[in-house]
Amino acid sequence: MLARIASEALSGLQGYPVEVEADVVAAAPAFSIVGLPDAAVQESRERVRAAIVNSGYSFPSRRVTINLAPADLRKEGPSFDLPIALAFLMATGQVGASGREPEGIAALGELGLDGSLRPVCGTLALAESLRRRGVRGLLLPTANAAEASLVQGLAVFPARSLSEAVARLEAGGGPAAPPADLAALLEPAPAEDGPDFADIVGQEGVKRALEVAAAGGHNVLLTGAPGAGKTMLVRRLPTIMPALAPEEAMEVTRVHSVAGLLRAGRPLVRARPFRAPHHTVSCAGLVGGGTTPRPGEVSLAHLGVLFLDEFPEFRLSALEGLRQPLEDGEVTISRRLTSLTFPARIMLVAAMNPCPCGYRGDPLQECTCPAYRLRQYTSRLSGPLLDRIDLCVDVPRVAPQEWRAGAKVEPSSVVQARVAAARRRQQARLQGFGAHANAHMNAAQLRRTCRLDPEAAALLDRAYDRLRLTARAYDRVVKVARTIADLAGAGTIAAAHVGEALSYRARGRSW
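Residues numbered from 1 in each chain as written. Predicted model: local features only at pLDDT ≥ 70, side-chain atom pairs only at ≥ 80, totals over all residues. Heavy atoms only, no water.

1. A short note on unusual backbone geometry
What is expected of a backbone is that most residues other than glycine have negative phi and most peptide bonds are trans.
So, point 1. In the segment running from Ala69 into Pro70, the intervening peptide bond is cis, with an omega of 5°.
So, point 2. Looking at the secondary structure, you find Pro70 in the loop between strand E4 (63-69) and helix H3 (81-91).
So, point 3. With a phi close to 60°, Leu36 is a non-glycine residue in the positive phi region.
So, point 4. In this structure, Leu36 sits in the loop between strand E3 (30-34) and helix H1 (39-42).
So, point 5. For Leu36, a relative accessible area of 39% corresponds to the partly exposed category. (Helix = DSSP H or I, 4+ residues; strand = E, 2+ residues; numbered from the N terminus. Buried < 20%, exposed > 50% of the residue type's maximum accessible area, 1.4 Å probe, protein only.)

This is the structure we're talking about:
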């Protein structure tokens, strides 16, 4: 007898429909799965067999053929366990819907040998794909229900075991899980005693640069001697970042779901990502890739911060691999049979020493680096890569007298309020353009939304020649100036805004 049930598979962050067909005939016992399955799908034969028997159903000695259609697309992962088991039970007449495809219901989930249902990765992307193609409901493990409920317009039918899934299928789905309340999930968590800008005495220029960067989503490079406070400053950057909008939270959650990084009981990512990989990370680990392409650190930091400490120590291939994501806001990974795109709209924050020993230009300690070592160190950062960094900031030492002075320092909450107000101005101006912040604008959007007064335009024209700016750098200076104007509440970019933006670009010319 033949039976069918709908399911869904992932290709990168996109879902595509899969029809699970089960054919059970009286012939020599065999259990085969066709339709280009990977090893995890092939192994589902043993999981499904054990789960069916241990759930109280029979597994007759017949020839069983499972087809995952379409047959020309590779199927990966354990999420087909549940639809395979349900299709088998329908084909053998053990489920009331025998021989018929359950109308408007798809299924996915991993089976334990005892028949329990275990969560799978990528549920949010799969649920969104099912809703787009008009599927009425989704039968899935209870642990994935909260995540799937984020998708409005799709009924979610959670089950803890194969037996419960069968009962729901026979009942046409049964009662659906309540839809998620995005507003409630995005409510800020109670304030905790954690890192705060108030911990940092001095470094006012650096804190100002980080405020500008956070307000516009700009890339930053911090350069300073060991112990100057670069890492301490960057670790406090998330405390001044604006909160995620609902659509941004869904974008971030989709990536983290596919990567399997969602924590139990946390179906939605509420805070902007902060990723800080070690400098030994591979190019595939940083940018994404692998035999089966997976999102890398740049995608996991989407709409958040990617912090690269000891910037020149990263592999050259990994650093050069950042150039496309920094420019396009996405990563495209091509393989022989497929091409996948992952989002990567990040704010890159890099930190480095001025030289290998760390003391070049330090007033208290002499640099011991020979000239060839200095050239070797700085040459790891190519011109095209540095051209994509908007703010280059020197981090000086803080004198002990400043620590002891006990000067009043702004807490993160005060700075975050200014950053959030600047972001709201940007979102109002960029509404309908598809950009989240000033750093995300393309050339056409820049020309339409960023007006310079005559004095500011003249200053920028002079700087173009004196600083030898590229066309890309010119546009990036305008974007930073627009962010500075937003922080000041100004509608037009003035010469003072351009001057501050150029000061951050000029510091990057020191080496």
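2. Here's the deal with the packing of aromatic side chains
So, point 1. For the coordinates displayed, the defined rule picks out four aromatic pairs.
So, point 2. Note on Phe31 and Phe59: the rings are 5.7 Å apart at their centroids and 40° apart in plane angle, and the pair reads as tilted. In this pair, Phe31 is assigned in strand E3 and Phe59 in the loop between helix H2 (44-54) and E4, connecting sequence segments 28 residues apart. The burial state of Phe31 is the same as that of Phe59; both residues are buried. (Phe/Tyr/Trp six-rings, centres within 6.5 Å; stacked < 30°, edge-to-face > 60°.)

3. Describing the pattern of salt bridges
So, point 1. Applying the stated rule across the entire model yields 24 salt bridges.
So, point 2. The closest approach of N and O atoms between Arg208 and Glu500, which form a salt bridge, is 2.9 Å. Note that Arg208 is positioned in helix H8 (residues 204-216) and Glu500 in helix H22 (residues 495-507), a separation of 292 residues in sequence.
So, point 3. As a salt-bridge pair, Arg447 and Asp475 come within 3.1 Å of each other at their nearest N and O atoms. Taken together, the residues Arg447 in helix H19 (residues 443-449) and Asp475 in helix H21 (residues 471-488) connect sequence positions 28 residues apart.
So, point 4. Salt bridges here are not isolated pairs; linked through shared partners, they connect Glu327, Asp387, Arg388, Asp390, Arg472, Arg476 and Arg505. (Salt bridge = Lys/Arg side-chain N within 4 Å of Asp/Glu carboxyl O.)

4. Some points on the pairing of strand E2 (residues 14-25)
So, point 1. In terms of strand pairing, strand E1 (residues 2-11) meets E2 through 10 bridges, oriented antiparallel. Bridging across to E2, Ile5 finds its partner in Val20.
So, point 2. From the end of E1 to the start of E2, which pair antiparallel, there are two residues, and Gly12 there has a positive phi angle of about 70°.
So, point 3. Pairing of E2 with E4, which is carried by seven bridges, proceeds in the antiparallel orientation. Looking at the pairing, Asp23 lines up with Thr65 of E4. (Pairing = 2+ DSSP bridges.)

5. With respect to the pairing of strand E18 (residues 391-395)
So, point 1. A large share of E18 lies buried, amounting to four of its five residues.
So, point 2. Summarising the sheet, strand E10 (residues 220-224) and E18 pair through five bridges and their orientation is parallel. Across the sheet, Gly224 pairs through a bridge with Val395, a residue of E18.

6. Overview of the side chain of Glu211
So, point 1. Turning to its location among the elements, Glu211 is positioned in helix H8.
So, point 2. Filtering out sequence-adjacent residues up to four positions away, Glu211 remains in contact with Ile240, Val415, Arg418, Val419 and Leu487. (Contact = heavy atoms within 4.5 Å.)

7. A few points about the state of the cysteines
So, point 1. This structure, assessed with the given rule, holds zero disulfides.
So, point 2. Unpaired in terms of disulfides, Cys367 finds its nearest cysteine sulfur in Cys355, a separation of 3.7 Å.
So, point 3. On the accessibility criterion, Cys367 (28% relative accessible area) is partly exposed. (Disulfide = S-S within 2.5 Å.)

8. Regarding the environment of Ala145
So, point 1. Here Ala145 shows up in helix H5 (residues 145-148).
So, point 2. Ala145 sits in the buried class, given a relative accessible area of 8%.
So, point 3. Once residues lying within four places of it in the same chain are set aside, the contact partners of Ala145 are Leu140, Val156 and Pro158.

9. Thoughts on the packing of H2 against H3
So, point 1. Where H2 contacts H3, the two axes come as close as 10 Å, and the packing angle between them is 55°. In terms of their interaxial angle, H2 and H3 are classed as oblique. Pair H2 / H3 crosses with right-handed handedness. Touching Ser44, Arg47, Val48 and Ile52 of H2 are Asp81, Ile84, Ala85, Phe88 and Leu89, all from H3.
So, point 2. A per-class count over the contact of H2 with H3 returns six nonpolar, one polar and two charged. (Axes fitted to C-alpha atoms, helices over the stretch in contact; angles between N-to-C directions. Parallel < 35°, antiparallel > 145°, perpendicular 65-115°, else oblique. Left-handed = near helix turned anticlockwise from the far one by under 90°. Nonpolar A, V, L, I, M, F, W, Y, C, P; charged D, E, K, R; others polar.)

10. Observations concerning H2
So, point 1. Three or more residues of H2 are buried, namely Ser44, Arg47, Val48, Ala51 and Ile52. The buried residues of H2 occupy an angular sector of 125° when projected down its axis, which confines them to one face.
So, point 2. In the core, the buried residues of H2 are packed alongside E3, H1, H3, strand E6 (110-111) and helix H6 (162-170).
So, point 3. Gly56 sits one or two residues past H2 and shows a positive phi near 95°. (Arc of directions from axis to C-beta.)

11. What to know about the packing of helix H4 (residues 123-132) against helix H10 (residues 246-258)
So, point 1. Put simply, H4 and H10 touch, their axes get as near as 7 Å, and they point 115° apart. Contacts between H4 and H10 involve Thr123, Leu124, Ala125 and Glu128 on the former and, on the latter, Met250, Thr253, Arg254, Ser257 and Val258.
So, point 2. Its residues assigned to classes, the contact of H4 with H10 comprises four nonpolar, three polar and two charged.

12. Quick word on the environment of Val201
So, point 1. Tracing the backbone shows Val201 in the loop between helix H7 (182-185) and H8.
So, point 2. In sequence terms Val201 and Leu303 are 102 residues apart; their C-alpha atoms lie 29 Å from each other.

13. Some words on the environment of Val156
So, point 1. Residue placement: Val156 occurs in strand E9 (residues 155-159).
So, point 2. Sequence separation between Val156 and Pro175 is 19 residues; the distance between their C-alpha atoms is 8.7 Å.

14. A word on the side chain of Lys479
So, point 1. Relative to the elements of secondary structure, Lys479 occurs in helix H21.
So, point 2. Buried within the structure, Lys479 lacks any salt-bridge partner; Asp475 is the closest side chain of opposite charge, at an N-O distance of 6.3 Å.
So, point 3. Of note is the side chain of Lys479, whose polar atom sits 2.8 Å from the backbone oxygen of Met441.
So, point 4. Setting aside residues no more than four positions away along its own chain, Lys479 makes contact with His218, Asn438, Ala439, Met441 and Leu446. (Lys, Arg positive; Asp, Glu negative; His and termini not counted. Polar contact = N/O pair within 3.5 Å; in protein donor to acceptor, adjacent residues only side chain to side chain.)

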